[in-house]
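Observations on the model geometry
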Amino acid sequence: MAGNWTKLQIALLLILIMAFTAGIGLYTDYLWFQSMGYGGVFLTILKTKAALAIGAAAIFFVFAYINATAASRSYAVSRTRDDEAEVILPEDLSTIILGIIAAASVLFGIALSGSWEEVLRYLNKTPFGISDPVFGRDAAFYVFDLPFYETALRAAFLMLVFIGAITLLVYLLKSKSILFDMTFSDIRFEIPKFTSWAKAHLLLLLAAFFILMAASYRLQAYNLLLSSRSDTFFGPGYTDLTVTLPALGLLAALSTLTAISMVLTIWIKRPWIPAGFVVILIAVHTLGLGFYAGIVQEYRVRPNEISLETPYIKNNIEHTVKAFNLEKVDDQPFEVSANLTAEDLDKNAPTIRNIRLWDPRPLKDTYKQIQEIRLYYEFNDVDVDRYDLDGEYVEVMLSAREIDTSQLSESARNWINEHLVYTHGYGVVASPVNTIGKQGLPELLIKDIPPESQSFKIERPEIYFGERTDNYVIVKTRQREFDYPRGNENQYTTYEADSGVQLNSYVRKLAMAIRFGTPKIILSEDITDESRILFNRNIKTLTSTIAPFLAYDRDPYLVVSGGRLYWIIDGYTTTARYPYSTPYSGINYIRNPVKVVVDAYTGETDFYIVDERDPIINTYAGIFPGLFRPYSEMPEDLKRHLRYPEDMFTIQAAVYAKYHMTDPVVFYNLEDMWNIPNELYENQRIPMEPYYIIMKLPGEEKEEFLLMQPFTPRNKDNMIAWMYARSDPGHYGELGVFKFPKQELIFGPAQVEARIDQDERISEQLTLWGQVGSRVIRGNLLVIPVENSILYVEPLYLLAEQSRLPELKRVIVAYGDDIVMEETLDEALAAIFGETAAPATETAPTTGPTEDLPTLALQHYNNAMEALKAGDWAGFGEELGALEEVLQKMKEKQKA
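What this report covers is the structure whose coordinates are included nearby.

Thresholds, definitions, all that
- Every chain is numbered independently, its residues counted from 1 as its sequence is written.
- The predicted origin of the model limits local features to residues at a pLDDT of at least 70 and limits the giving and counting of side-chain atom pairs to 80 or more, whereas totals for whole chains, interfaces and linings rest on all residues.
- The side-chain values count all of the structure's non-hydrogen atoms but skip hydrogen atoms and water molecules.
- Segments assigned H or I by DSSP are reported as helices when at least four residues long, segments assigned E as strands when at least two residues long, and all are numbered from the N terminus.
- Only protein chains enter the area calculation, which uses a 1.4 Å probe; residues under 20% of their type maximum are buried, those over 50% are exposed, and those in between are partly exposed.
- Two residues qualify as a contact provided that any one of their heavy atoms is within 4.5 Å of a heavy atom in the partner residue.
- The protein chains shown are the only cover counted for residues, whose accessible areas, like all others here, come from Shrake-Rupley with a 1.4 Å probe.
- Centres within 6.5 Å are what make two rings of Phe, Tyr or Trp a pair, Trp counting through its six-membered ring; a difference in plane orientation under 30 degrees is then read as stacked, over 60 as edge-to-face, and the rest as tilted.
- The rule is short: NZ of Lys or CZ of Arg within 6 Å of the ring centre and within 35 degrees of the ring normal puts a charge over the ring.
- Think of it this way: DSSP has to see at least two bridges between two strands before they count as a pair.
- Like-charged residues within 9 Å of one another, or nonpolar side chains (Val, Leu, Ile, Met, Phe, Trp, Tyr) within 5 Å, are grouped into patches, provided each residue has over 30% relative accessible area and no salt bridge.
- Salt bridge, as applied in this entry: a Lys or Arg side-chain nitrogen positioned within 4 Å of an Asp or Glu carboxyl oxygen.
- Axis definition: a line fitted to C-alpha atoms, over the contacting stretch in the case of helices. Angles run 0 to 180 degrees between N-to-C directions.
- Angles are sorted into four bins: roughly parallel if under 35 degrees, roughly antiparallel if over 145, roughly perpendicular if 65 to 115, and oblique for all others.
- Polarity classes work like this: nonpolar for Ala, Val, Leu, Ile, Met, Phe, Trp, Tyr, Cys and Pro, charged for Asp, Glu, Lys and Arg, and polar for all others, with Gly in that last group.

**A closer look at the overall build of the protein chain**
Regarding its fold elements, the protein chain presents 25 helices and 32 strands. Out of the 896 residues belonging to the protein chain, those deemed buried represent 54%. Taking all contacts inside the protein chain whose residues are at least 6 apart in sequence as the whole, residues at least 24 apart take part in 67%. Per element, the accessible surface of the protein chain, about 39,700 Å² overall, is 55% carbon and sulfur.

Okay, structure coming up:
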């Protein structure tokens, strides 16, 4: 017994440690939510979880205890047996059973607390105003009600199974059908002999089980609208609605009759009656849901599939189009002409000037080489946006210069530097999408540290919250924060905002020390009562922690507005439970009702509702009052930078590629199925991603910022259509498709890539570059609609063997049967159309990258020295190689 008591003590100690750790997590989470201004969100979720856990545990315990007690008192228990096994005494037995019930109740409550979202959505549901064609129920029933009912049913099944097992165990123990000693080393079984009370009790529990089975069959009937038997369409078809649905109704009735027969058997003593119902139930389940349904599908439906399934295909098309917000796609013909002239290019000068020559992938490497400044800075990715610069609408590429403390030298990597000193990134790099310098480098609109720009004003360039800020930092300490490098010295600063959790008490310091696993937060003399700890600084973590019920776009983007840096993240509401809608990427409904704006300096986060028609976001707004703000409160300048989100458009384009076919027969035969075309990038064929572009839509008066995706027919490479999404205020969110005539050949991206490969002049040049040790990177092939014609533009980048600095060397333009490759877009267009009045690209002025070569050389030298100090010989060699290349360019420039 002493050994058992020691084990019990250890178990209790572990439980206390886990409870204490969980309590610390809750406390520090609450402090963080309060500091962000969203304490109400935290408390709503916590209260709901607590209510569910306590309520579910109480219900579980009461029902289990009542049943176990009823079973325990149904027998008179003897304290002796003929054998030598030590029989557990009634009080010992009751204590053990009570302990099992209590432990199971706690676990049940904890498990059910995880269903807080289903419960809150059910209690605050908003109607969709759209009814399903089978049961006539609003879509909200499937999105909000059905998940709640299924959760409740699973919980009831789990509770009943446990109660049945514990009750049966008590009866077996009390009837002495199970014998064992206190060490459980000798366990023996005997055939149980149940009293009438025991039989009645167990029959009642079985009856309850079959009542739950009846409810399960009923819910399965509704779930037919969320599943599919057909390979052609999604949702219930002929077999489901004529065989499976009636079978489920019959099974629900049989389950109810089985439950009634079990209750009646308590008095009429005819056990064969419920047994017969169980046999019938199993037979109907096996034959009705399996065998007979398969026979009907194979021999009745398949030979007549088009005629029998047509109404159900219509249902699928209608509800899928609604679920993915494709009802109002503006479908227009695009009559292609081959008479584009230089005058037409001049009329569309803003479109031509904003053709994107810089691919974000090689441009990121270029930014890293010319603008990271120090090894510990990092560009995570390159974003695309548009700005009004000097009266022109310009497409711009931007990247935030974030700090990565893992890149500090080995000697500098310590707790103080990583958490108190190197706390933030600094500034942003920006360049037009189409402007190149003489050295094949981008013209920088914003560059260097501190930021230099003639077009942008940045008063708060520090980045405490970003895409790479994964560690916690403590600000307002006695340590000076590193701000940015200045020559051979560093500039320091002190955080000026009131963000973060103030460490003004020992309790808070202790809690944070436990959370982050370091005593230094308590012991450090640099931390004062004014110090504040910033964590959850990664903007994806930040937003998903505040609002975990939203899905978020993979690509947050940076905006320069009012002298500050902001991140904008698209928030989605999704579900996989929209009736009759085909799932794509695991969901069958999506909306983008929320734009999240995060201040890169303070971390202040605002959730703006931009689509008040979405029932799901309205439901969450009811659950969390104060979380969301109306679109009208968003600053006007930020409204001008909202983009139609890439992730949502990608899904919508994939859906529309099939569901533009609204005729059921055409849909069934996939007669007009489209595909996303492939493009060539670094000699690999990859699916063409949608891209942002400034252009004038046919029939419109001015250029605008669009997201665009071409389509090709299934199993063919020619282009059949292109889809767009509008982003500018006044037309935001509008979708459209322009379809090419099916009787004409319009080259698709893969065909243009093949024609480029077959061009002798181009292929010879590419081969020549490869022979001298350079790597050619083929950028995005862009399809550019201009007037009633199509231009194809592909930039070529050159990467020297010993360099990590891609340079834009050539631009390929294809139009009709013509393909040319020139050093600039202007030259390529002139080779096809003749000279135009307005240049498509501009050569960098004297303040551009050519003047940056000395700065670039100094940067490579500094990087080489830092790599040398860190013992990074490979990095030292690479930086020296890059320095040599820059010096060679400077020499060539001098000769010129």
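**Focus on the packing of aromatic side chains**
This structure, assessed with the given rule, holds 52 aromatic pairs. Pairing Phe334 with Phe740 gives two aromatic rings, centres 5.4 Å apart and planes at 80 degrees, and the pair type is edge-to-face. Within this pair, whereas Phe334 is found in the loop between strand E3 (330–333) and helix H10 (342–347), its partner Phe740 is found in the loop between strand E27 (735–739) and helix H21 (749–758), the two being separated by 406 residues in sequence. For Phe740, a relative accessible area of 4% puts it in the buried group. Through a chain of ring-to-ring contacts, three or more aromatic side chains come together here, namely Tyr30, Trp32, Phe33, Phe42, Tyr472, Phe516 and Phe535. The lysine or arginine in question, Arg137, covers the ring of Phe141, its NZ or CZ lying 4.3 Å from the ring centre. Over the face of the ring belonging to Tyr492 we find Arg480, whose NZ or CZ atom lies 4.1 Å from the ring centre.

**Structural notes on the environment of Tyr422**
Looking at the element boundaries, Tyr422 is found in the loop between helix H13 (415–421) and strand E7 (425–426). Given the relative accessible area of 13%, Tyr422 is considered buried. Between the alpha carbons of Tyr422 and Glu481 there is a distance of 6.3 Å; along the sequence they are 59 residues apart. Not counting residues up to four positions away in its chain, the partners in contact with Tyr422 are Tyr376, Ile403, Thr405, Leu408, Asn417 and Phe482.

**Thoughts on the environment of Gly562**
Relative to the elements of secondary structure, Gly562 occurs in the loop between strand E16 (557–561) and strand E17 (564–575). Accessibility expressed as a relative area gives 67% for Gly562, which makes it exposed. C-alpha separation for the pair Gly562 and Leu638, spaced 76 residues apart in sequence, amounts to 9.3 Å. What Gly562 contacts, discounting residues up to four positions off in sequence, is Glu459 and Asp637.

**As for the sheet that holds strand E13 (residues 501–502)**
Judged by pairing direction, the sheet is antiparallel, and its three strands sit side by side in the order E10-E14-E13 without closing on themselves. Of all strands in the sheet, those bounded by a partner on one side alone are strand E10 (473–475) and E13. The pairing of E10 with strand E14 (residues 532–534) spans three bridges and is classified as antiparallel. Note that in E14 the partner of Val475 across the bridge is Arg532.

**Quick notes on a nonpolar patch on the surface**
Together, Ile10, Leu12, Leu13, Leu14, Ile15, Ile17 and Met18 give the surface a local cluster of nonpolar side chains, amounting to about 690 Å² of exposed area. One can find Met18 in helix H1 (residues 2–36). Judged by its relative accessible area of 54%, Met18 falls in the exposed class.

**Side note on the packing of helix H7 (residues 238–268) against helix H8 (residues 272–301)**
Direction vectors running N to C along H7 and H8 enclose 175 degrees, while the axes themselves pass 8 Å from each other. Taken as axis vectors, H7 and H8 run roughly antiparallel relative to one another. Of the residues contributing to the contact of H7 with H8, the split by class is 22 nonpolar, nine polar and one charged.

**Quick look at the pairing of strand E8 (residues 428–432)**
Among the five residues in E8, five count as buried, and that is most of the element. What you see with E8 is no split at all: Val428, Ala430 and Pro432 on one side and Val429 and Ser431 on the other are buried throughout. Bridging between strand E6 (residues 392–403) and E8 involves five bridges; their strand directions are antiparallel. Counterpart to Leu398 in the pairing with E8 is Ala430.

**Some points on the pattern of salt bridges**
Here the structure, examined in full by the defined rule, presents 39 salt bridges. Note that Glu700 is salt-bridged to Arg726, the shortest N-O span being 3.7 Å. Of this pair, Glu700 sits in the loop between strand E24 (691–695) and strand E25 (704–713) while Arg726 sits in strand E26 (residues 721–726), placing them 26 residues apart in sequence. Assessed through its relative accessible area of 5%, Arg726 is described here as buried. Notably, a salt bridge pairs Glu704 with Arg726, separated by 2.8 Å at the nearest N-O pair. Residue Glu704 is located in strand E25, and its partner Arg726 is located in strand E26; the two are separated by 22 residues in the primary sequence.

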